[in-house]
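# Examination of the molecular architecture
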Amino acid sequence: MRFRSALWSLVLALGLIAAGSAAARCAASQPGAGAAPTPFHPKILEPARAPKTARILRQVALSYKPHMSARARDIDFLQKVALAKRLVGVRRLVELRRQTLALLPLDQEVSWEYLRRRHFANGEPVGVTLQVPVWVPAGAKRIQTYCGFDKKWQTVAETTPRPSGYVWFVRTMHQVNDQAKYQAKTIQVEVNSKFAPFAALLVEYIFREGWYDPAKRVPLMSLRMGEDTYAASAATPPVTVQCLSFPKDDGDSFDPTVDYCHYQNLAEIYHGRHAVASNHRLGLAIDFNDSNYRGVVDGAPNAISRDLRQYNRKAMHKLDARNLPAWVYRVAKWEGCRLPQEWCYTGYCTDWEHIDVGTK
Ligand SMILES: [Zn+2]
């Protein structure tokens, strides 16, 4: 009988240990209803092609310790940024611009299609594909995007030269703003291998805030980094989507109308061609939630605007959650990125979706 009770004690103890570790696992992966069971850390596809970059990404992955306070999360982020700078070997991010431009022959137009195939002195390719965790609205559809070195995005949309990641698409403003139903997904995007750790840190910070605090979930449905000209395929079907539109493009009104906009295909919404001087051609910039809803005035999500209302990030984020809240810009600045407010796009406009390594 004594043996039996000893056995029972052992079974009970093992059961308690199992229950305890299950509870610990739960605490580590729990925060927020609807969160994925374990967080996805940024990584690059084909790590064997860029092993040093892959290793740095693993080293600077953000922590997901149980019950991390906002302050603990910020300290973790700042320490990882400092580590990333040490591992990449830069003090300021703009040094990456000089290092990348140095790979270009004098007579060659600055082009991502050219640079992405070159290698840095450390043997790493300039172009890598980054996969990062993001929050996306329920029902979002995954849309492939394509890249090329063409004068017109329409050519890319029609010929789809090569895939360059994907974006997430929804039709209604209710879906965009229905924060309680956001889901943890990932996005793939091409980027400069030396900038990859910094892009990854920023996007993972945004994702992690939403992991610990569901009220801070920001949907990232499109990330554009390294490219000359890109578009979704013109072979996608016609769509009708809800868009916000404001009465004036130079006003400060926060009272938009909801318009129903019709597009022949998704390439009309997802496309772009970057100027020769753009840091996108070096893979050293990030566009958050880039899109082109033709026909709306200062519409949603806003990209390039001369509008005063855009400076009220809180109000814009509330109207359309794809507009970045102010804290995202603050964190980008902590990394040393150049913010939209620090330079002028053509015509006194501010490119609110764009952050980069700067030019000087
Ligand atoms: Zn941009």
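Cut-offs used in this document
Residues numbered from 1 in each chain as written. Predicted model: local features only at pLDDT ≥ 70, side-chain atom pairs only at ≥ 80, totals over all residues. Helix = DSSP H or I, 4+ residues; strand = E, 2+ residues; numbered from the N terminus. Buried ≥ 20, exposed ≤ 12 C-beta atoms within 10 Å, placed from the backbone. Contact = placed C-beta atoms within 7 Å. Pairing = 2+ DSSP bridges. Arc of directions from axis to C-beta. Axes fitted to C-alpha atoms, helices over the stretch in contact; angles between N-to-C directions. Parallel < 35°, antiparallel > 145°, perpendicular 65-115°, else oblique. Left-handed = near helix turned anticlockwise from the far one by under 90°. Nonpolar A, V, L, I, M, F, W, Y, C, P; charged D, E, K, R; others polar. Core = buried A, V, L, I, M, F, W, Y, C linked by C-beta atoms within 7 Å. pLDDT = per-residue confidence, 0-100.

## Quick look at the overall build of the protein chain
Counting secondary structure elements, the protein chain contains 10 helices and 14 strands. When each of the 360 residues of the protein chain is scored for burial, the buried share is 42%. Sequence separation of 24 or more characterises 74% of the internal contacts of the protein chain that already satisfy a separation of 6 or more.

## Points about the sheet that holds strand β14 (residues 354-356)
Read from one edge to the other, the open sheet built from three strands follows the order β6-β11-β14, with strand pairing classed as antiparallel. The sheet is open, and its two borders are formed by β6 (223-224) and β14, each paired with just one other strand. With two bridges connecting them, β6 and strand β11 (residues 285-288) associate as antiparallel partners. Bridge pairing in β11 links R224 to D287.

## Some words on helix α2 (residues 51-59)
Along α2, the residues that are buried comprise T53, A54, I56 and L57. Relative to the axis of α2, the buried residues are bounded by an arc of 160° and lie together on one face. Seen from the open side of α2, the exposed residues pointing more than 90 degrees away from its buried face are P51, R55, R58 and Q59.

## Remarks on the packing of helix α3 (residues 70-88) against helix α8 (residues 196-212)
Viewed as axis vectors pointing N to C, α3 and α8 meet at an angle of 165°, and their least axial separation amounts to 10 Å. In terms of orientation, α3 and α8 fall into the roughly antiparallel class. Seen from above, α3 lies across α8 with right-handed handedness. On α8, the residues touching R73, F77, K80, V81, A84 and V88 of α3 are P197, F198, L201, Y205, R208 and Y212. Here the residues of the contact of α3 with α8 are counted per class, giving nine nonpolar, no polar and three charged.

## As for the nonpolar core
Counting 82 residues, the largest nonpolar core has L130, A196, A199, L201, V203, L220 and A231 as its most contacted members. Residue contributions to this core peak at 11 residues, all from α8. Filtering out sequence-adjacent residues up to four positions away, L130 remains in contact with P42, I44, Q188, V189, V191, A196, A199 and A200.

## What about unusual backbone geometry?
Although it is not a glycine, E46 adopts a positive phi angle of roughly 50°. Mapped onto the elements of the fold, E46 is located in the loop between β1 (43-44) and α2. For E46, a count of 10 C-beta atoms within 10 Å translates into the label exposed.

## Observations concerning the packing of α2 against α8
Running from N to C, α2 and α8 cross one another at 30°; their axes reach a closest spacing of 10 Å. In terms of orientation, α2 lies roughly parallel with respect to α8. For the pair α2 and α8, the sense of crossing is right-handed. Of the residues in α8, those touching α2 at T53, I56 and L57 are A196, P197 and A200. Residue composition of the contact of α2 with α8, by class: five nonpolar, one polar and no charged.

## Here we look at the environment of V60
With respect to the helices and strands, the residue V60 is situated in the loop between α2 and α3. Sequence-distant contacts of V60, that is, excluding residues within four places in its chain, are made with K80, L83, A84, P197 and L201.

## A short note on helix α4 (residues 94-101)
When we look at burial in α4, the residues that qualify are L96, R97 and T100. Mapping the buried residues of α4 onto a view down its axis gives an arc of 105°, with all of them on the same face. Against the buried residues of α4 lie α5 (112-115) and β5 (183-192).

## Examining the pairing of strand β7 (residues 229-232)
Burial along β7 is two-sided: T229 and A231 facing one way and Y230 and A232 facing the other are all buried. With four bridges joining them, strand β3 (residues 141-148) and β7 adopt antiparallel strand pairing. In the strand pairing of β7, G148 is matched with T229. Direction of pairing for β7 relative to strand β10 (residues 271-273): antiparallel, over a ladder of three bridges. Its bridge partner being in β10, Y230 is matched across the sheet by G272.

## Overview of the confidence of the model for the protein chain
Across the protein chain, the average pLDDT comes to 90, with 90% of residues at 70 or higher. Note that residues 1-36 has pLDDT below 50 and, in this model, 14 contacts with residues that lie over four places away or in other chains.

## With respect to the environment of S69
Relative to the assigned elements, S69 resides in the loop between α2 and α3. Distance in space between the C-alpha atoms of S69 and Y212 is 8.6 Å, their sequence separation being 143 residues.

## Focus: the environment of V90
Considering the arrangement of structural elements, one finds V90 in the loop between α3 and α4. Each C-alpha atom, one on V90 and one on K194, is 9.6 Å from the other, the two residues being 104 residues apart in sequence.

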